[in-house]
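# A closer look at the structure
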Amino acid sequence: MAWQGLAAEFLQVPAVTRAYTAACVLTTAAVQLELLSPFQLYFNPHLVFRKFQVWRLVTNFLFFGPLGFSFFFNILFVFRYCRMLEEGSFRGRTADFVFMFLFGGVLMTLLGFLGSLFFLGQALMAMLVYVWSRRSPRVRVSFFGLFTFQAPFLPWALMGFSLLLGNSILVDLLGIAVGHIYYFLEDVFPNQPGGKRLLLTPGFLKLLLDAPAEDPNYLPLPEEQPGPHLPPPQE
């Protein structure tokens, strides 16, 4: 029964958050069970473009390392802030949310290649946290119950925590940089004098992922309108 309740609760999670979180957990489980090796997942331009191992363009965003504190820490933040974005500023805009993932993934891959970064899941997590924090500037967040501060400071707190754990902050900086580029192009530049939206979600994504818009000129049939309905006249 507990598993059924957990599964039912998980199905209530928005689609993109559910799919990405599940893919990360399943990938890590497969590595833990030795069904996959991290060497089959990391980003390697030579293997991608010469050996056509194109799955590496995706799998490097799904592996957060072996089971341990770092994995649970990252997956918790991915789940929490991905869900808050999808249920908040991207509510009803699944195609735009997926396009943000695609934009961030492509830009991180290009910049990660220059910095010789092999796994970019943590950078994607930093991007999600950054975009959420800039769109929620008045929200106060608690960091492990020890510190409380305004949301825009959260990405930097995460980077400092990563540094304390002995990790390289280059991945966090990459995620913050890409998140800032997306935020500027999507939220800042269009509101400037002479500005406009440069990140336009492709129509095929909207067709596939978004519910069709209601026709403002559509007149519902009498039986579709709310309220009591008179029975049809008797012949």
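Note: the structure precedes this text.
One structure accompanies this document, and this report is about it. This structure is a prediction, so every number in the text was calculated from the model and none was measured.

For the rest of this paragraph, the subject is the side chain of T28. Within the secondary structure, T28 is located in helix α2 (residues 15-32). Judged by its relative accessible area of 1%, T28 falls in the buried class. Setting aside residues no more than four positions away along its own chain, T28 makes contact with L62, F63, F64, G65, L67 and F71.

Quick look at the packing of aromatic side chains now. Within the structure shown, the criterion is met by 16 aromatic pairs. Ring geometry for F69 and F73: centres 6.0 Å apart, planes at 25°, overall stacked. Of the two residues, F69 and F73 both sit in helix α5 (residues 69-87), four residues apart, roughly one turn of that helix. By relative accessible area, F73 is classed as buried at 9%.

Another aspect to go through is the packing of α2 against α5. Between α2 and α5, the shortest axis-to-axis distance is 8 Å and the interhelical angle comes to 165°. Between α2 and α5, the crossing angle belongs to the class labelled roughly antiparallel. Classified by chirality, the crossing of α5 by α2 is right-handed. In contact with A15, V16, T17, Y20, T21, C24, V25 and T28 of α2, α5 contributes F71, I75, V78, F79, C82, R83 and E86. Grouping the constituent residues of the contact of α2 with α5 by class yields ten nonpolar, three polar and two charged.

About the cut-offs
Note on numbering: residues in each chain are counted from 1, in written sequence order. Where local features are concerned, this predicted model is filtered to residues with pLDDT of at least 70; where side-chain atom pairs are given and counted, the filter is 80 or more; whole-chain, interface and lining totals use all residues. Only hydrogens and water are removed before side-chain values are computed, so all heavy atoms of the structure are retained for them. Strands here are runs of E lasting at least two residues and helices are runs of H or I lasting at least four, both read from the DSSP assignment and numbered beginning at the N terminus. A simple rule labels every residue: compare its accessible area, found with a 1.4 Å probe on the protein chains alone, to the largest value its type can have, and call it buried under 20%, exposed over 50%, or partly exposed in between. Between two residues, a contact is recorded if the distance between any of their heavy atoms is within 4.5 Å. Only Phe, Tyr and Trp rings are paired, with Trp represented by its six-membered ring, and only when their centres lie within 6.5 Å; those with planes under 30 degrees apart are stacked, over 60 edge-to-face, the remainder tilted. Only the stretch in contact is used when fitting a helix axis, every axis being a line fitted to C-alpha atoms; angles between N-to-C directions are given from 0 to 180 degrees. Throughout, the term roughly parallel applies to angles under 35 degrees, roughly antiparallel to angles over 145, roughly perpendicular to angles from 65 to 115, and oblique to all others. Left-handed describes a crossing whose near helix is turned anticlockwise from the far helix by less than a right angle; the clockwise case is right-handed. Here the nonpolar group is Ala, Val, Leu, Ile, Met, Phe, Trp, Tyr, Cys and Pro; Asp, Glu, Lys and Arg are the charged ones; every other residue, Gly included, is treated as polar.

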